[in-house]
Amino acid sequence: MSTRRTTTIQSQPHSKASFLKVILLGDGLVGKTSLMNRFVTNKYSETLLRTIGVEFLNKDLIVGGDVYTLQIWDTAGQEQFKSLRTPFYRGSDVCLLVFSLTNRESFENLEYWKKEFFYHADVQNNEFPFVLLGNKCDATETRVVSREEVDQFVSTCPNMEYYETSAKLNENVEKAFIAAIEKFKKFEEDALNRDPFKADDQKVDLNKIRKKNRPCSC
Ligand code: GDP
Ligand code: MG
């Protein structure tokens, strides 16, 4: 099952479309399904979640005039077995790592999920974009992970941005997904600048296009 929603973030003329596979990773019960549902359907329910059982939901976002189709993959409860299938990870463009601010173990397991992702997604570049979500920030009375600890963890990761979210109160949820798109865009641009072959390919393509479009002089 999949659904598709569109949210316009900035109303500018569309210039190009991109398809992004976004995966949500982290311990069970940290709020991954709730975050996905909040983002895609703007709904939060404490009872519906267990029965949904979907693998992904689609949502279109328009950011800076470009259309992005996010295909958001959720783990449908398998995270307790600590072994998700490789197709789940493969082809990911950006990874949202989730822990609960009310559960220390879920914070301590982040390193595990990160390693798991690098291994199964077969990602070689350690600059791969991550957005870290400390969820349940509304539950201030039961919070057990401090901002300082999280900042310390983030500072050890080469390309990670952190948001404190609440799926329940809809805090920072859309912002985090927009950040994921922006991190992906930056990563792509940097990769193009780093990889001379890709850059050369582009030049060749541009030349071809220019030649093709030139009026025939023969
Ligand atoms: P998942 O196993 O990571 O997919 O987590 P779920 O989305 O199923 O949520 C697990 C439990 O945490 C459910 O009882 C949710 O209602 C609750 N939950 C999810 N997000 C929040 C949040 O932002 N704040 C609070 N207080 N509870 C949340
Ligand atoms: Mg879930």
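Residues numbered from 1 in each chain as written. Chains lettered and ligands numbered in written order. Predicted model: local features only at pLDDT ≥ 70, side-chain atom pairs only at ≥ 80, totals over all residues.

### Points about the pairing of strand β3 (residues 56-63)
Okay, step 1: Across eight bridges, the pairing between β3 and strand β4 (residues 66-73) is antiparallel. In the strand pairing of β4, Leu57 is matched with Ile72. (Pairing = 2+ DSSP bridges. Helix = DSSP H or I, 4+ residues; strand = E, 2+ residues; numbered from the N terminus.)

### Quick notes on the environment of Thr69
Okay, step 1: The topology assignment puts Thr69 in strand β4.
Okay, step 2: Discounting residues that sit within four places of it in the chain, Thr69 has contacts with Phe19, Asn58 and Asp60. (Contact = placed C-beta atoms within 7 Å.)

### Brief notes about the site of ligand 1
Okay, step 1: Residues in close proximity to ligand 1 total 16 residues, the closest being Gly31, Lys32, Thr33, Ser34 and Lys168.
Okay, step 2: If one sorts the elements of the shell around ligand 1 by residue count, helix α1 (residues 32-41) sits on top with three residues.
Okay, step 3: Residue classes in the shell around ligand 1 are distributed as five nonpolar, six polar and five charged. (Near = placed C-beta within 6 Å. Nonpolar A, V, L, I, M, F, W, Y, C, P; charged D, E, K, R; others polar.)

### Quick look at the environment of Ala121
Okay, step 1: Structurally, the position occupied by Ala121 is in the loop between α5 (110-120) and β6 (130-135).
Okay, step 2: Under the C-beta neighbour-count criterion, Ala121 is labelled partly exposed, with 19 such atoms within 10 Å.
Okay, step 3: In sequence terms Ala121 and Thr86 are 35 residues apart; their C-alpha atoms lie 6.9 Å from each other.
Okay, step 4: With residues up to four places along the chain from it excluded, the contact list for Ala121 reads Tyr89, Arg90 and Ser92. (Buried ≥ 20, exposed ≤ 12 C-beta atoms within 10 Å, placed from the backbone.)

### Some remarks on the nonpolar core
Okay, step 1: Ile23, Leu24, Ile72, Leu96, Leu97, Val98 and Ala180 are the most contacted members of the largest nonpolar core, which totals 40 residues.
Okay, step 2: When near neighbours in sequence (up to four residues on either side) are disregarded, Ile72 contacts Val22, Leu24, Met36, Val40, Phe56, Leu57 and Lys59. (Core = buried A, V, L, I, M, F, W, Y, C linked by C-beta atoms within 7 Å.)

### Focus on the packing of α1 against helix α7 (residues 173-194)
Okay, step 1: Running from amino to carboxyl end, α1 crosses α7 at an angle of 90°, the nearest separation of the two axes being 9 Å. Relative to α7, the element α1 is oriented roughly perpendicular. Contacts between α1 and α7 involve Leu35, Arg38 and Phe39 from the former and Val173, Glu174 and Phe177 from the latter.
Okay, step 2: In the contact of α1 with α7, the residues fall into four nonpolar, no polar and two charged. (Axes fitted to C-alpha atoms, helices over the stretch in contact; angles between N-to-C directions. Parallel < 35°, antiparallel > 145°, perpendicular 65-115°, else oblique.)

### Concerning unusual backbone geometry
Okay, step 1: Positive phi, close to 75°, is recorded for Leu29, a residue that is not glycine.
Okay, step 2: Locating Leu29 in the fold gives a position in the loop between β2 (17-25) and α1.
Okay, step 3: Residue classification places Leu29 among the partly exposed residues on the basis of 17 C-beta atoms within 10 Å.

### What about α1?
Okay, step 1: Judged by how many residues are buried, α1 sits mostly within the fold: nine of 10 residues are covered.
Okay, step 2: Inspection of α1 places Lys32, Thr33, Ser34, Leu35, Met36, Asn37, Arg38, Phe39 and Val40 among the buried residues, and these make up the whole buried set.
Okay, step 3: The first or second residue beyond α1 is Asn42, which carries a positive phi of 55°.

### Some details on the confidence of the model for the protein chain
Okay, step 1: Mean pLDDT for the protein chain: 82, with 73% of residues reaching 70 or above.
Okay, step 2: Scored below 50 in pLDDT, residues 201-218 shows zero contacts in the model against residues more than four places distant or in partner chains. (pLDDT = per-residue confidence, 0-100.)

### Comments concerning the environment of Asp190
Okay, step 1: In this fold, Asp190 is placed in helix α7.
Okay, step 2: A tally of 14 C-beta atoms within 10 Å means that Asp190 is categorised as partly exposed.
Okay, step 3: The spatial distance from the C-alpha of Asp190 to the C-alpha of Glu127 is 9.9 Å, given a sequence separation of 63 residues.

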